[in-house]
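# Inside the fold
Each chain, written out:
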Amino acid sequence: MNGRAIDRLAQMKEKDETLEQRLDEFARLRKENLATLQAWNLQPEDFKRRGKHPELGVVTLSELLATWIVHDLTHVHQLSRVMSYQYREAVGPWNVYLGVLQCDGHSA
């Protein structure tokens, strides 16, 4: 496992790319990352391994991987909000029952 730093603010930088290019890049990176994770051949005891996060202190590999899963699910949630938004008027009075149309997001 390498110790390279992750740029947590990379998505805030302006890029002159189309949506298709961004989705292709996401798919490429996801495929590479999953291949790397699989190549590590993690065993149950590996998930208890500990490391030190610069802000959070001691964390386990299990916590980190769970965080990655929830991070991905956050993006699924964001996508569902964006995709649903186009129907906000079409659903008429039912919009009060559709939480996805009421949600302002949850990211910090």
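In what follows, the accompanying structure is described. These numbers were taken from a predicted model, which means no experiment stands behind them. (Residues numbered from 1 in each chain as written. Predicted model: local features only at pLDDT ≥ 70, side-chain atom pairs only at ≥ 80, totals over all residues. Heavy atoms only, no water.)

### Some words on unusual backbone geometry
Working note: non-glycine residues mostly have negative phi, and peptide bonds are mostly trans. The residue Asn41 is not glycine, and still its phi comes out positive at about 50°. Summarising the element assignment, Asn41 is placed in the loop between α1 (19-39) and β1 (50-53). Taking relative accessible area as the criterion, Asn41 reaches 53% and is therefore assigned exposed. (Helix = DSSP H or I, 4+ residues; strand = E, 2+ residues; numbered from the N terminus. Buried < 20%, exposed > 50% of the residue type's maximum accessible area, 1.4 Å probe, protein only.)

### Some remarks on the pairing of strand β2 (residues 57-60)
Taken together, the four bridges between β1 and β2 define a ladder with antiparallel strand orientation. Bridged to Gly51 within β2 is Val59. The turn joining β1 and β2, which pair antiparallel and follow one another in sequence, is formed by three residues. (Pairing = 2+ DSSP bridges.)

### Details of the environment of Asp46
With respect to the element layout, Asp46 can be found in the loop between α1 and β1. What makes Asp46 buried here is its relative accessible area of 17%. Separated by 16 residues in the primary sequence, Asp46 and Ser62 have C-alpha atoms spaced 8.3 Å apart. Apart from residues lying up to four places away in sequence, Asp46 is in contact with Asn41 and Leu61. (Contact = heavy atoms within 4.5 Å.)

### A short note on the pattern of salt bridges
Scanning the entire structure with this criterion turns up four salt bridges. Of the charged contacts in the structure, one is a salt bridge between Arg28 and Glu25, with a shortest N-O distance of 2.8 Å. Taken together, the positions of Arg28 and Glu25, both in helix α1 and three residues apart, correspond to about one turn of that helix. Exposure remark for Glu25: the relative accessible area of 32% places this residue in the partly exposed category. A salt bridge links Asp72 to Arg30; its shortest N-O distance comes to 2.6 Å. You can see Asp72 sitting in helix α2 (residues 61-85) and its partner Arg30 sitting in helix α1, a full 42 residues away along the chain. On the basis of relative accessibility, which here comes to 26%, the residue Asp72 falls in the partly exposed class. Connected via shared salt-bridge partners are Glu25, Arg28 and Glu32. (Salt bridge = Lys/Arg side-chain N within 4 Å of Asp/Glu carboxyl O.)

### Observations concerning α1
Its 21 residues place the ends of α1 30 Å apart at the C-alpha level, agreeing with the 30 Å of an ideal helix rising 1.5 Å per residue. Asn41 lies just past α1 and shows a positive phi near 50°. (Expected span 1.5 Å × (residues − 1).)

### A closer look at a nonpolar patch on the surface
On the surface, Ile69, Val70, Leu73 and Val76 cluster together to form a nonpolar patch covering roughly 380 Å² of accessible area. As for its placement among the helices and strands, Ile69 is situated in helix α2. (Patch = residues over 30% accessible without salt bridge, like charges linked within 9 Å, V, L, I, M, F, W, Y side chains within 5 Å. Areas by Shrake-Rupley, 256 points an atom, 1.4 Å probe, with all protein chains shown as cover.)

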